[in-house]
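# Survey of secondary and tertiary structure
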Amino acid sequence: MNDSPIGVFDSGLGGLTVLNELVKILPEENFIYLADLKYSPYGDKSEIELEYIIKRVLRYFVEKKVKLIVVACNTASTMDLIKKNQVEDIPIINVIDAAVDLVDEKVENLLLLATKKTTESKTYDEKIKVKNPGINLIKQACPSFVPAIESGKLNDEEIQNLVDQDLKRYRDNKLDAAILGCTHYPLWYDFIRKSLNKEVKIYDPAQSLAQKAKNFLEERNMLRRGDSYKLAVSADYCGEFNKKSRKILKNYKFDKIEEINIDF
Ligand code: DGL
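Residues numbered from 1 in each chain as written. Predicted model: local features only at pLDDT ≥ 70, side-chain atom pairs only at ≥ 80, totals over all residues. Heavy atoms only, no water.

### Topic: the side chain of T123
Secondary-structure assignment places T123 in helix α7 (residues 123-131). Residue contacts for T123: discarding those within four places in its chain leaves S77, T78, K83 and I96. (Helix = DSSP H or I, 4+ residues; strand = E, 2+ residues; numbered from the N terminus. Contact = heavy atoms within 4.5 Å.)

### With respect to the sheet that holds strand β8 (residues 177-180)
Pairing between the strands of a sheet is mediated by backbone hydrogen bonds and can be parallel or antiparallel. Within the open sheet, the four strands sit side by side as β7-β6-β8-β9. Their pairing is parallel. With partners counted over all chains shown, the strands left at the sheet margins are β7 (136-141) and β9 (201-203), one partner each. In this sheet, adjacent strand axes meet at a mean angle of 20° when their direction is disregarded. With six bridges connecting them, strand β6 (residues 109-114) and β7 associate as parallel partners. Bridge pairing in β7 places L111 opposite I138. (Pairing = 2+ DSSP bridges. Axes fitted to C-alpha atoms, helices over the stretch in contact; angles between N-to-C directions.)

### Observations regarding the site of the ligand
Within the structure, the ligand sits among 13 residues, and S11, Y42, G43, N74 and T75 are positioned closest to it. A distance of 2.6 Å separates an oxygen atom of the ligand from a polar side-chain atom of T75. With respect to the ligand, the side chain of H184 contributes an N or O atom lying 2.8 Å from a nitrogen atom. With the chains in place, 99% of the 300 Å² that the ligand exposes on its own is no longer accessible. Classifying every residue of the shell around the ligand gives five nonpolar, seven polar and one charged. (Near = heavy atom within 4 Å. Polar contact = N/O pair within 3.5 Å; in protein donor to acceptor, adjacent residues only side chain to side chain. Areas by Shrake-Rupley, 256 points an atom, 1.4 Å probe, with all protein chains shown as cover. Nonpolar A, V, L, I, M, F, W, Y, C, P; charged D, E, K, R; others polar.)

### Re the environment of D204
Assignment of secondary structure puts D204 in the loop between β9 and α11 (206-219). Residues D204 and K127, spaced 77 residues apart in sequence, show a C-alpha to C-alpha distance of 17 Å. Once residues lying within four places of it in the same chain are set aside, the contact partners of D204 are L102, L180 and P186. At 3.0 Å, the side chain of D204 and the backbone nitrogen of A206 are in polar contact.

Spelled out as structure tokens, the structure:
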């Protein structure tokens, strides 16, 4: 038994798609979810900027003495700091590994939908090719999605137009599957589904990542019994985030949202 919390983070709302799954299968754990809104979106940041950004998030979780860090952000998961799978003595698991686990060995043509930073990085290519060396990985950056999802201001027709702009061109491609390689994208699942051919399988790694976290804790006898979790936001948007996040985290109550400053 280990009573310490589990740290989960993303630039904003996207990682809540992972937190939803975590809370579902680990209802007695204590979670700290950090929405790093101060630096949202992560996807257009440079390597150097992201290194600073991720370093302070990891330091925050080290200070909070979490027992496990779940990186609910693909962009952060491309960074060497995360690929080390550990900070001090705290283990780290990341969403890219969980996404790659989902890819069926029969898939030949795979579309990766992700942020600019994730598509420019070789992380997905390297990890998928270990598993499926012959795969044809097509990468599509969708830089307009995250800011639009965070703002929540578009109507359905506007969202569909935005999604079609990036995805419609794949209608005639022989795609077998697509990865939602940004944790915000499942929040637009229906629009993405509509834009791609019906036969294209869509992978959302949220469940697989939650299962990985559960297996990890179970194997090491680190589960706990309890039922409270809290959200932390790194910038001055608590009120807005409060409303939006409660819509996504439909079935769960959290105690409060704390506004934090973790810059150095
Ligand atoms: N949801 C994140 C990801 O999975 C970050 C998106 C962003 O902030 O650009 O990449």
